[in-house]
Amino acid sequence: MRHKWLLLMCVGVILVQATLANTEDGSNSQNEPEEGENQAEVSDQQSTQSPSVDEQNADKDFENDSMNPENNSTDTDTATAKPQKETANDEHVHSNRESKAVIPAVGRTTTKKPSYICTKSNLNYDCILQDVRLNHNEPNVFGLGWKNNDQKNVTFTNSRLQYLPKRLFEAFPEMELLNAEDLQIEEIEHQAFRYARTLKTLYLKRNLISNIDTFKGVPLLVHLDLSNNKITKIKNGAFERNTKLERLFINQNHISELPGFQNIDNLEELNLSNNDLQAISDTHFRGNPMLKSLDASYNQLRHFNLNQLNDKPNLSFISVSFNNLESLYIPGQVQKLDARNNSISYVNANSCSLQNLYLSNNQITDISALRNCRGMIILNLSHNKLQSIDLIDAMPELSNLNVAHNQLFEINFPAKPEHPLQILDLSYNKLSFGPTNKFDQMKTLKLNNNNFIEFKFGGMMKSLNYVLLSNNEWSCEKITQIMQEKREIVFDKNETCINSQARLLNGICCKDYKRAFNDRLKEMIQEIFVHENVNKKDLETCKTTKPAFGVSQPNVQTMHNKIAELDSSKREMFNELETVKSQIAHIEQEITSNTTRQYKLQTLNQSFKQLIEQYRGNYGIPKEGLISPSKTLEKVEKYTQDRKRNSENLLARRTNEVEATNARMESKNSEKFTSQSENERLEAVLKNIKTEESKLKKEKQLLEKTWNRNSPSVHG
């Protein structure tokens, strides 16, 4: 009974199509029905000629066949067990299903089985799939047919896919690039890459993928981006067949254990940053000879021996910053190494090719191993525990040195006549004297927050353009000398003097030392000696030479012990008081600095208001208070965009005019060249004519002479 209804439905559809084809002028009988009224009539007539239940069954059968196009032979296998009449009906229904796939306007098949085709293209993608909505267990069709679409670069816009379907790769067997970013993909369908034999580039970043099984079906894969997902685990053999993979990005995930990379011989760039890695084994990268860049920053690494990377001749960049490493081995071929924000206390470098090294925010006390790095250009050792540094002379190419926030008591400058150092940051240390130097290319110098009394600038004063001097023990004579030579280069002339012995000179606190630095040092030593003698006498007066009457010797000893304890506690109390005073002074200094900064911001805000008031008419902005700041910003932005657009249009016109002028000049030059060629040709012709004329004259003269000689004999 079911087949009879289906047969009636098919006959009705054929009759309706024939009727519509006869009513259309100049149309072919095989064309599809038009959209609008004709399509609605076809749908209405079809629905009246077949029961809704049977129609749904037919559509369901069609969907099943569509989802499994390679299994169409099952219909004929099943039909062999039926009577002959029913088999014929089945064949008729099957042909009707194929006609539905070609003419999606007939029936309700297109609403139940959406077909996502390439709506547009651009320079980067020859297929853009738009408004795709794909949920789990939902039928789908990609491309203009089931398969064999020839597009190679595919992307999505305004779409959402709960999973990456296998049918997508089946529809585009020649696809080389797939951009599936920001699609909320949660998983990759099992054997999704079965038909991805030609895929080379795959972007899957910013999705919701949590588990990666394998990429075995993508043997030509070169670039894979899985960043910004929710991946917690990658199967160990996921990349064992991807021998051509060059760039792999698995950063911004939740990976705690790395998969194997040993078989990826062509791997050049690997990004592991922002994961949950705690350790990397000592042999994990033994099979990647082409590795150039490795980023393992922002993890929880406690163990990662970089010694295993010594056999990578192309490796130039490594980042292990923001981890928990306690030691660092520097591979000999690496040129840039970032190891900031760790707990590194030990550094080792047997051979060194480093040019840029960042070791700030660690626990380093000894950097003698870096003396082998003679090619160093940028070195950042700030926020460590260094007490001295003498590496500058060993690094003849050093241009930028930052040793701020250490415990430096001394720094040795090179004796070389010329050194290319341009940026030197010595701030927040305990330095008091700067020796003579030869930095004649110095641009930036930060000496603030030290104990400097004297610093011999030498020849660097000619090249300096930025200096910080505040919070030191400067001699006022030195500050006067600096301000007379280059006052405009000092950028922290807003200091507040806390010490009562200091005075403000040109914005910098200083002291009036009556003697030179060495005399002042002797004076300080003498003061310390005097205080020690006074303390010694006080202690001697406190001691009882003879035991008191009725007091036994052990009690006297006990009293002496208590007095010593009191003296010790007294000294500790004084030390605590000094520490508290220092903290209070630091807090007051910060308060003063914040107040000054707030005043600057207020002044800057007022200047901005005046500037807005000055240009208010140009930008079309009402006075302050009439509209909100956001509206004001919108008006300024609109005016700026309009002005930019006008400028661009004017520039385009001027460019076109210049191009037209150049074209005319080229045309004139071409004409001139043509005229010159013609003139040269005419001159050559004229020259030939003159030559011929000269020859004719000579022949004429010769004939005349011959005639004259022969003429008497003729007359005779």
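Residues numbered from 1 in each chain as written. Predicted model: local features only at pLDDT ≥ 70, side-chain atom pairs only at ≥ 80, totals over all residues. Heavy atoms only, no water.

Asks: Can you break down the state of the cysteines residue by residue, with the values?
Replies: Overall, the coordinates contain four disulfides when judged by the stated rule. Here Cys 476 is linked by a disulfide to Cys 510, with a sulfur-sulfur distance of 2.0 Å. An S-S torsion of about 95° defines the bridge between Cys 476 and Cys 510 as right-handed. Of this pair, Cys 476 sits in helix α8 (residues 476-486) while Cys 510 sits in strand β35 (residues 508-510); the two residues are 34 residues apart in sequence, bridging distant segments of the chain. Here Cys 476 matches Cys 510 in class, with each residue buried. (Disulfide = S-S within 2.5 Å. Helix = DSSP H or I, 4+ residues; strand = E, 2+ residues; numbered from the N terminus. Buried < 20%, exposed > 50% of the residue type's maximum accessible area, 1.4 Å probe, protein only.)

Asks: How would you sum up the pairing of strand β3 (residues 127-130)? Please name residues and give values.
Replies: Along any regular strand the residues' side chains alternate between the sheet's two faces. Here strand β2 (residues 118-120) pairs with β3 via two bridges, running antiparallel. Looking at the pairing, Cys 118 lines up with Leu 129 of β3. Counted between consecutive antiparallel strands, the loop separating β2 from β3 contains six residues. Of the strand pairs in this sheet, β3 and strand β6 (residues 153-157) are connected by four bridges, and their pairing is parallel. Paired with Cys 127 across the bridge in β6 is Val 154. (Pairing = 2+ DSSP bridges.)

Asks: Got a sec to walk through the side chain of Ser 293? Specific residues and values, please.
Replies: In this fold, Ser 293 is placed in strand β18 (residues 293-295). Here Ser 293 is in contact with Glu 268, Glu 269, Leu 270, Leu 315 and Phe 317, once residues within four sequence places are set aside. (Contact = heavy atoms within 4.5 Å.)

Asks: A description of the environment of Ala 192 should follow, citing residues and the corresponding values.
Replies: With respect to the secondary-structure elements, Ala 192 resides in the loop between β10 (187-188) and β11 (201-203). Given a relative accessible area of 1%, Ala 192 falls into the buried group. When the C-alpha atoms of Ala 192 and Tyr 163 are compared, they prove to be 9.8 Å apart, with 29 residues separating the residues in sequence. Setting aside its immediate chain neighbours within four residues, Ala 192 contacts Leu 164, Pro 165, Lys 166 and Phe 169.

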